[in-house]
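Spelled out from the first residue to the last, the chains are:
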Amino acid sequence: MSSTVGQVIKCKAAVAWEAGKPLVIEEVEVAPPQAQEVRLKILYTSLCHTDVYFWEAKGQTPLFPRIFGHEAGGVVESVGEGVTDLAPGDHVLPVFTGECRECAHCKSPDSNMCDLLRINPDRGVMISDGKARFSKDGKPIYHFLGTSTFSQYTVVHVGCVAKINPSAPLDKACVISCGISTGYGACVNVAKPPKGSSVAVFGLGAVGLAAAEGARASGASRIIGVDLNASRFELAKQFGVTEFVNPADHKKPVQEVIAEMTNGGVDRSIECTGNVRAMISAFECVHDGWGVAVLVGVPSKDDEFKTHPMNFLNERTLKGTFYGNYKPRTDIPGVVEKYMNKELELEKFITHTVPFSEINKAFDYMLRGEGLRCIIKMDD
Ligand code: NAD
Ligand code: ZN
């Protein structure tokens, strides 16, 4: 057993002191895990757009100083009281939404909205005692999404940790901990496109392209990619996207353009932008009678979704999902196996790698719309 068990660990973390300001690598203290918690050594993390929204804090509740990061892979360093299904050395993916295995949601095959551990971006402390496990010079630093993976060590509730195959390379598998499972699951678990169907994907970042990958795996015959950033279109071809629409190229609303392309609308649409207008378009572009739209993008806190009720009477369905409806502990080891069996490719989502000391570059790439996922190597 490592000598750090039960001790405060000092390590490097990228602290966001203020909204929108570059993260600062600081030495922080990470307290030992309490009951039902585990302390993880994070080896690789990547940046998802959700981190950027809460760091910018334009349409979200500001909470600073904070350690962001929720897409990562690591190893269990130590476990708190009562943790029986994880042990030091286990390879794990921390997940921003959890699975307590006791509540009605966890017992339902349909829901991953755990009563205890569902995503809560406004909470910056651990649920057991309302305290942060991170501090600097005795002052607490807030957590983010219960994961805070922009730190070499972090403390996470056991229900937010998926134990995975130790032979899976964590520098690739880390993207399963948020973006890829979210997009892929939104398609295969929620939209469920029938074979031969048409699917529109709004937003061709990693989440949207994982949804496209799910559409291809489901046998969709047309996958229409919608994005305002035309540089995404070339990249998207590798993910099975067959046609492209840039809303900026058209005078009429994009839902009308798509309806014309598809003789009345697509069979399924999946929104992965976080923009409420795109969410409305994604719903209004599905075919009446059977069309299903799935919202995945994280909206701003004051957004409102407005559409004519007749769209529902005309038998279109609107759904939304966190984490592609996957239950982190139960389902994610299987998604990792899909990667190991070469049914799911992760490498093509990874377009950049940076050392931890250059974590702010990952933010620059995302803000400029360059590439998909940027892996941050925590040891340098
Ligand atoms: P990303 O920035 O890499 O990709 C988003 C893409 O959407 C970009 O290419 C951008 O150009 C495009 N876009 C933005 N506004 C648009 C518009 N109005 N019309 C068309 N395209 C538009 O982001 P990502 O990391 O792939 O995340 C995508 C979204 O999914 C974000 O909103 C993120 O917060 C959300 N998300 C949700 C969950 C969940 O569980 N529901 C999990 C992870 C991420
Ligand atoms: Zn994410």
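Everything in this summary refers to the structure shown in the same document. (Residues numbered from 1 in each chain as written. Chains lettered and ligands numbered in written order. Predicted model: local features only at pLDDT ≥ 70, side-chain atom pairs only at ≥ 80, totals over all residues. Heavy atoms only, no water.)

Another aspect to go through is the overall build of the chain. Tallying secondary structure elements over the chain gives 11 helices and 17 strands in all. Relative to a compact globule of 380 residues, whose C-alpha radius of gyration would be 21 Å, the chain shows 20 Å and is just as compact. In terms of overall dimensions, the chain has a C-alpha envelope of 65 × 40 × 35 Å along the principal axes. Here the chain holds 380 residues, and the buried ones make up 56% of them. (Helix = DSSP H or I, 4+ residues; strand = E, 2+ residues; numbered from the N terminus. Rg over C-alpha atoms; globule rule 2.2 N^0.38 Å. Buried < 20%, exposed > 50% of the residue type's maximum accessible area, 1.4 Å probe, protein only.)

Moving on to the pattern of salt bridges. Scanning all chains against the criterion turns up 22 salt bridges. Salt-bridge contacts for D115 lead to R118; the nearest nitrogen and oxygen are separated by 4.0 Å. Accessibility expressed as a relative area gives 33% for R118, which makes it partly exposed. When the shortest N-O distance is used, the salt bridge between K252 and E260 registers 2.9 Å. (Salt bridge = Lys/Arg side-chain N within 4 Å of Asp/Glu carboxyl O.)

Our next topic: the site of ligand 1. Surveying the vicinity of ligand 1 reveals 30 residues, the closest of which are H49, T50, Y53, D227 and Y323. A distance of 2.8 Å is found between an oxygen atom of ligand 1 and a side-chain nitrogen or oxygen belonging to R232. At 2.8 Å, a backbone N or O of Y323 approaches an oxygen atom of ligand 1. Coverage of ligand 1 by the protein chains reaches 91% of its 870 Å² of free accessible surface. Counting residues per element, the ones that place at least two in the shell around ligand 1 are α1 (49–56) and α5 (206–217). Take the shell around ligand 1: its biggest share by element is 3 residues, from α1. (Near = heavy atom within 4 Å. Polar contact = N/O pair within 3.5 Å; in protein donor to acceptor, adjacent residues only side chain to side chain. Areas by Shrake-Rupley, 256 points an atom, 1.4 Å probe, with all protein chains shown as cover.)

Ordered by their spatial adjacency, 4 strands build an open sheet running β1-β2-β6-β7, and the pairing between neighbours is antiparallel. Single-partner strands in this sheet number two, and they are β1 (9–15) and β7 (139–141). The average angle at which neighbouring strand axes cross in this sheet is 50°, direction not considered. The pairing of β1 with strand β2 (residues 24–30) spans 7 bridges and is classified as antiparallel. (Pairing = 2+ DSSP bridges. Axes fitted to C-alpha atoms, helices over the stretch in contact; angles between N-to-C directions.)

Below, the discussion takes up the coordination of the zinc ion (ligand 2). Within the first shell, the zinc ion (ligand 2) binds the protein through C48 (SG), H70 (NE2) and C178 (SG), at distances of 2.0 to 2.2 Å. Taken in chain order, the donor set of the zinc ion (ligand 2) reads C-x21-H-x107-C. One end of the pair, H70, is in the loop between α1 and β4 (71–79); the other, C178, is in the loop between α3 (170–173) and α4 (179–191), and 108 residues separate them in sequence. In this structure, H70 and C178 share a single accessibility class: buried. (Donors = N, O, S within 2.8 Å, 3.2 Å for Na, K, Ca; no water.)

Given a rise of 1.5 Å per residue, 13 residues ought to cover 18 Å, and the 18 Å separating the end C-alpha atoms of helix α10 (residues 328–340) matches this to within 8%. The set of residues buried in α10 consists of P328, R329, I332, V335, V336 and Y339. In a view along the axis of α10, the buried residues occupy a sector of 120°, so they form one face of it. Next to the buried residues of α10 lie β5 (91–94), β9 (161–163), α3 and α4. Just downstream of α10 lies K342, where phi reads positive at about 65°. (Expected span 1.5 Å × (residues − 1). Arc of directions from axis to C-beta. Contact = heavy atoms within 4.5 Å.)

The contact between α1 and helix α11 (residues 359–368) brings their axes to 11 Å, and the two run at 100°. Classified by the interaxial angle, the pair formed by α1 and α11 is roughly perpendicular. Taking contact as the criterion, the partners of H49, V52, W55 and E56 in α1 are, on α11, F363, M366 and L367. Of the residues contributing to the contact of α1 with α11, the split by class is 5 nonpolar, 1 polar and 1 charged. (Parallel < 35°, antiparallel > 145°, perpendicular 65-115°, else oblique. Nonpolar A, V, L, I, M, F, W, Y, C, P; charged D, E, K, R; others polar.)

Attention now moves to the nonpolar core. F150, I270 and I332 are the most contacted members of the largest nonpolar core, which has 107 residues in total. Of the residues forming this core, the biggest block, 7 residues, is contributed by α5. Sequence-distant contacts of I332, that is, excluding residues within four places in its chain, are made with L93, A162, I176, S181, Y323, Y326 and K327. Membership of the second largest hydrophobic core comes to 15 residues, among which are I258, V266, A282 and A293. (Core = buried A, V, L, I, M, F, W, Y, C linked by side-chain atoms within 4.5 Å.)

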